[in-house]
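Each chain, letter by letter, is given below.
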Amino acid sequence: QAQLVESGGGLVQPGGSLRLSCTASGSIFSINAMGWYRQAPGKQRERVAIISSAGTTNYGDSVKGRFSISRDNAKNTVTLQMNSLKPEDTAIYYCYIDEGPEYRRRDYWGQGTQVTVSA
């Protein structure tokens, strides 16, 4: 089993920046995709950004041009740089990994970290 720990959430003013990090530990065969999802109160969980093992990135439409995802495979870490933050970015952000060989892939989720964008 793998465990994910997020850090970097907090309160920021509109137009500001935050950097979220997530580190995976435990029993990890390999990490395929890594990414971030978010969920605001009363809303469905939304995909924010995904990065594949090859480095291919995909972003949700609402964050394109503002957020950037990266990964450090040696540290089993995925990072989300969030710039030009808007109040509508306020949500709990969850780290995600797709772990394991093809015959037994497993999804793991972090506990979530709160991001609040407000003046």
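What you see is a predicted model, and the numbers here were worked out from it, not measured in a lab.

As summarised here, the arrangement of the four strands in space is E1-E3-E8-E7, forming an open sheet in which the pairing is antiparallel. The open sheet has two edge strands, strand E1 (2-7) and strand E7 (67-72), and neither has a second partner. In this sheet, adjacent strand axes meet at a mean angle of 15° when their direction is disregarded. Where E7 lies against strand E8 (residues 77-82), six bridges are found, and the strand directions are antiparallel. Looking at the pairing, serine 70 lines up with threonine 79 of E8.

Quick look at the state of the cysteines now. With the rule as written, the count across this model stands at one disulfide. Through a disulfide, cysteine 22 is tied to cysteine 95; the S-S separation comes to 2.0 Å. Around the S-S axis, the bridge from cysteine 22 to cysteine 95 shows a dihedral of about -85° and counts as left-handed. Taken together, the positions of cysteine 22 in strand E3 (residues 18-26) and cysteine 95 in strand E9 (residues 91-99) put the pair 73 residues apart, joining distant regions of the chain.

Moving on, we get to the pattern of salt bridges. If you walk through the whole model with that rule in mind, you get six salt bridges. The closest approach of N and O atoms between glutamate 46 and arginine 38, which form a salt bridge, is 2.9 Å. A relative accessible area of 30% places glutamate 46 in the partly exposed class. Judged by relative accessible area, arginine 38 falls into the buried class, the value being 5%.

Inspection of the secondary structure assignment puts threonine 77 in strand E8. What makes threonine 77 buried here is its relative accessible area of 11%. Of the polar contacts made by the side chain of threonine 77, one reaches the backbone oxygen of lysine 75; its length is 3.1 Å. Once residues lying within four places of it in the same chain are set aside, the contact partners of threonine 77 are Cys22, Thr23, Met34, Ser70, Arg71 and Asp72.

Turning to the packing of aromatic side chains, a few remarks are in order. Under the counting rule described, the total for this entry stands at three aromatic pairs. Judged by centre distance (5.1 Å) and plane angle (70°), the rings of tyrosine 37 and tryptophan 109 are edge-to-face. Taken as a pair, tyrosine 37 in strand E4 (residues 31-39) and tryptophan 109 in strand E10 (residues 106-109) lie far apart in primary sequence, 72 residues in all. For tyrosine 37, a relative accessible area of 17% gives the class buried. Taking relative accessible area as the criterion, tryptophan 109 reaches 32% and is therefore assigned partly exposed. On the numbers, 5.1 Å between centres and 45° between planes, the contact of tyrosine 96 with tryptophan 109 is tilted. Of this pair, tyrosine 96 sits in strand E9 while tryptophan 109 is found in strand E10, placing the two residues 13 residues apart along the sequence.

What counts as what
- Residues numbered from 1 in each chain as written.
- Predicted model: local features only at pLDDT ≥ 70, side-chain atom pairs only at ≥ 80, totals over all residues.
- Heavy atoms only, no water.
- Pairing = 2+ DSSP bridges.
- Helix = DSSP H or I, 4+ residues; strand = E, 2+ residues; numbered from the N terminus.
- Axes fitted to C-alpha atoms, helices over the stretch in contact; angles between N-to-C directions.
- Disulfide = S-S within 2.5 Å.
- Salt bridge = Lys/Arg side-chain N within 4 Å of Asp/Glu carboxyl O.
- Buried < 20%, exposed > 50% of the residue type's maximum accessible area, 1.4 Å probe, protein only.
- Polar contact = N/O pair within 3.5 Å; in protein donor to acceptor, adjacent residues only side chain to side chain.
- Contact = heavy atoms within 4.5 Å.
- Phe/Tyr/Trp six-rings, centres within 6.5 Å; stacked < 30°, edge-to-face > 60°.

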